[in-house]
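# A structural walkthrough
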Amino acid sequence: MIDAVIIGGGPAGLSAALVLGRAKREVVLFDEDQPRNQVTAHSHGFITQDGVSPATFKETALGDLKKYPRIQVENQRVTSVKKGGSFFIVEAEGKTVKARKVLLATGLTDGLPDVKDVHSFYGKSLFPCPFCDGWELRDQPLLVLAESDHAYMFTKIISNWSKDLVLATNGKNLLTAEQEKELTSRGIRVMDEKIDSLIGEKGKLKSIRFETGVELERVGGFVTSQLQQASSLADQIGCKKNEQGGYEVDESSQSSVEGVYVAGDMTMNQAQQIVLAAANGSMAASRMVAALAFEDF
Ligand SMILES: Cc1cc2nc3c(=O)[nH]c(=O)nc-3n(C[C@H](O)[C@H](O)[C@H](O)COP(=O)(O)OP(=O)(O)OC[C@H]3O[C@@H](n4cnc5c(N)ncnc54)[C@H](O)[C@@H]3O)c2cc1C
C-alpha cells in the first residue's frame, strides 16, 4: 500500500505531489490532463511564471517532480474511489492502487452563457477573471457578459482595468434601478436585450450584436460562468458539499471523510487562480504528511 494518491494534476495536485515527494512519501498522481485553463494561451499572475502557457507551466512542474523517485505520475482518469477499512482503493482506467490517504484536486469546469459562439472567444479575448487577464485588456472597449447575480459587482471590479464598459445581461434584467443608475452615471452602458451573436475572428472579439439589431464594438472582455465540479469522485466517496457548491474542508484541508483531502478550485473556498490552487494543494499535502508522520510515530 502506498502513502497517498492524488487525483488531478493541475496546480493544486502538482504542488501537493511536490510536498509529499519531498517528504519521502510514496505517491501516485493520476491526471486526465484536462485543466480548466487549457483554452487559453497564456497564464498570468503566478510570480516567476507570469505569461507562460498552461502547457509550459505543467511541463515545468512535471520536470520538478521527476527529481523525486517516490512520485509516480499516471496519465489516466480515475473512475472510482472507495474506502476499504483504514485505506482507500483508487481505480483508474487500467490501474488500481491502495493508498492510506487521498487528495482530490480535480478542478472545475465552466458553464458559459447560452450565447452563440461564446466558446470560440473564451480564453482568447473573453476571460473569467480580471486579475488573470485584465492587464492585457486594460483601457480598451470591453464587454462584461454576465447572467448571474454577480453582474453588478463584477462590472464594478472590471472598471478597475477599463472605464469603457458595456454590461450585457442577455435578457436577464439583473440590476436594481439604483445599480443601473450608478453604472450609467459612470458611462457604463447596461444592455438587457437578448444577444444575437458575438462577432470576431480567430477568437478575437470585434463586436456584440443584440437581437434588436444594435451592434457595439468591443475588443474583448469578461464573462461570468456557472462553475461545476469536473468530477463526481468526491460525491462518490461521501464528501459533504459547502454552500458554494464546493466541498467542506477543515483547517487541515481534510473533507468530511477522514483521510480524504480536497484542494484547489474544487473547494470553491477561494478565488480561482493558479497561485491560490497551488498554495492550497501545498498546504493540504503538508497536513497529509503530518497525519502520516503522527500515525507512524
Ligand atoms: C479561460 C481561463 C483562463 C484562466 N487564466 C488564468 C490565469 O491567467 N491565471 C490564473 O491564476 N488562473 C487562471 N485561470 C484559473 C485557473 O485555471 C484555475 O484556478 C486553476 O487551473 C485551478 O487549478 P486546480 O489544480 O484546482 O484544477 P485544474 O487546473 O482544473 O486541474 C484539475 C486536473 O484534474 C484532472 N481530473 C479531473 N477529474 C479527474 C479524474 N477523475 N481522474 C484524473 N484526473 C482528473 C483534470 O483533467 C485536470 O488536469 C483561468 C481559467 C480559465 C477558465
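Here's what I pulled together on the structure shown here.

The rules behind the values
Note that residues are indexed from 1 along each chain, following the sequence as it is written. Reporting in this predicted model follows two pLDDT cut-offs: at least 70 for local features of residues, and 80 or more for side-chain atom pairs to be given and counted; totals over whole chains, interfaces and linings ignore these cut-offs and use all residues. Side-chain metrics in this entry use all non-hydrogen atoms of the structure; hydrogen atoms and water are not considered. The helix count covers DSSP runs of H or I at least four residues long, the strand count covers runs of E at least two residues long, and both are numbered beginning at the N terminus. Accessible area is worked out with a 1.4 Å probe on protein chains only. A residue is then buried under 20% of its type maximum, exposed over 50%, and partly exposed in between. We call two residues in contact whenever any of their non-hydrogen atoms come within 4.5 Å of each other. The sign given to each residue is positive for Lys and Arg and negative for Asp and Glu; His and the chain ends receive no count. Where a charge lies is defined by one atom per residue type, namely NZ (Lys), CZ (Arg), CG (Asp) and CD (Glu). Cavities and pockets are defined on a 1 Å grid built over the protein atoms alone: a cavity is a set of grid points where a 1.4 Å probe fits but cannot escape, while a pocket is an open set with protein on both sides within 12 Å along at least five of seven lines, and lining residues are those with an atom within 4 Å of any such point. Grid points are joined across faces, edges and corners, and a volume is the space filled by probe spheres set on the points. Residues are grouped as follows: nonpolar covers Ala, Val, Leu, Ile, Met, Phe, Trp, Tyr, Cys and Pro; charged covers Asp, Glu, Lys and Arg; every other residue, Gly included, is treated as polar. If a single non-hydrogen atom of a residue is within 4 Å of a molecule or strand, that residue counts as near it. Two N or O atoms count as a polar contact when they lie within 3.5 Å, although within protein this holds only if one can serve as hydrogen donor and the other as acceptor, and sequence-adjacent residues are included solely when both atoms are side-chain atoms. Shrake-Rupley sampling with a 1.4 Å probe provides the accessible areas, and residues are treated as covered by the protein chains on show and by no other component. Stacked, tilted and edge-to-face are the three classes assigned to paired rings of Phe, Tyr and Trp, where Trp is represented by its six-membered ring and a pair needs centres within 6.5 Å; plane angles under 30 degrees give stacked, over 60 edge-to-face, the rest tilted. Whenever a helix is involved, its axis is fitted only over the stretch in contact; in every case the axis is a line through C-alpha atoms, and angles between N-to-C directions fall within 0 to 180 degrees. To sort the angles, those under 35 degrees are grouped as roughly parallel, those over 145 as roughly antiparallel, those from 65 to 115 as roughly perpendicular, and the leftovers as oblique. Crossing handedness: left-handed means the near helix sits turned counterclockwise from the far one by under a right angle, and right-handed means the same turn made clockwise. Salt-bridge detection follows one rule: a side-chain nitrogen of Lys or Arg within 4 Å of a carboxyl oxygen of Asp or Glu.

## What to know about the overall build of the chain
- Helix and strand content of the chain: 8 helices and 17 strands.
- The 297 residues of the chain split such that 49% are buried.
- Of the contacts formed within the chain by residues at least 6 apart in sequence, a portion of 59% connects residues at least 24 apart.
- Measuring between centres, the 33 positive side-chain charges of the chain sit 4 Å from its 39 negative side-chain charges.

## So, the layout of surface pockets
- Roughly 240 Å³ of volume is contained in the second largest pocket.
- Lining the second largest pocket are 14 residues, and of these S15, L18, F57, A61 and D64 sit closest to its centre.
- For the lining of the second largest pocket, the elements supplying multiple residues, two or more each, are α1 (11-22), α2 (54-65) and α8 (274-296).
- Considering only residue class, the lining of the second largest pocket consists of 9 nonpolar, 4 polar and 1 charged.

## What to know about the site of the ligand
- Looking at the ligand, there are 39 residues lining it, with D31, Q34, H44, V78 and I274 nearest.
- In the model, an oxygen atom of the ligand is placed 2.7 Å from a nitrogen or oxygen of the D31 side chain.
- Within the backbone of V78, an N or O atom sits 2.8 Å from a nitrogen atom of the ligand.
- Burial of the ligand by the protein amounts to 99% of the accessible area it has alone, namely 990 Å².
- For the shell around the ligand, the secondary structure elements donating two or more residues are α1, α4 (130-133) and α8.

## Considerations on the packing of aromatic side chains
- For the coordinates displayed, the defined rule picks out 2 aromatic pairs.
- Consider the rings of F131 and W161, whose centres lie 5.2 Å apart with planes at 85 degrees: the pair is edge-to-face. Of this pair, F131 sits in helix α4 while W161 is found in the loop between α5 (151-158) and β10 (165-168), placing the two residues 30 residues apart along the sequence.
- Classification of F131 by relative accessible area gives exposed; the value is 56%.

## Considerations on unusual backbone geometry
- Phi is positive for T48, close to 80 degrees, though the residue is something other than glycine.
- Counting through the fold element by element, T48 comes out in the loop between β2 (27-30) and α2.
- On the accessibility criterion, T48 (70% relative accessible area) is exposed.
- Its identity is not glycine, yet S253 carries a phi of approximately 70 degrees, on the positive side.
- Along the chain, the position of S253 falls in the loop between α7 (233-237) and β17 (260-262).

## Description of the packing of α5 against helix α6 (residues 177-184)
- Across the interface, α5 lies against α6 with an axial gap of 11 Å and an inter-helix angle of 15 degrees. As the angle between them shows, α5 and α6 are arranged roughly parallel. The crossing of α5 and α6 is left-handed. Contacts from Y152, T155 and K156 in α5 reach Q179, E182 and L183 in α6.
- Its residues placed into classes, the contact of α5 with α6 shows 2 nonpolar, 2 polar and 2 charged.

## Regarding the pattern of salt bridges
- A full pass over the atoms with the stated rule returns 21 salt bridges.
- Notably, a salt bridge pairs R25 with D296, separated by 3.0 Å at the nearest N-O pair. Linking R25 in the loop between α1 and β2 with D296 in helix α8, this pair joins segments that are 271 residues apart in sequence.
- K58 is paired through a salt bridge with D31; the nearest N and O atoms lie 2.5 Å apart. Taken together, the residues K58 in helix α2 and D31 in the loop between β2 and α2 connect sequence positions 27 residues apart. Of the two residues examined, K58 and D31, each falls in the buried class.
- Shared partners join several salt bridges into a network, and the residues in it are D3, R25, R100, K101, E295 and D296.

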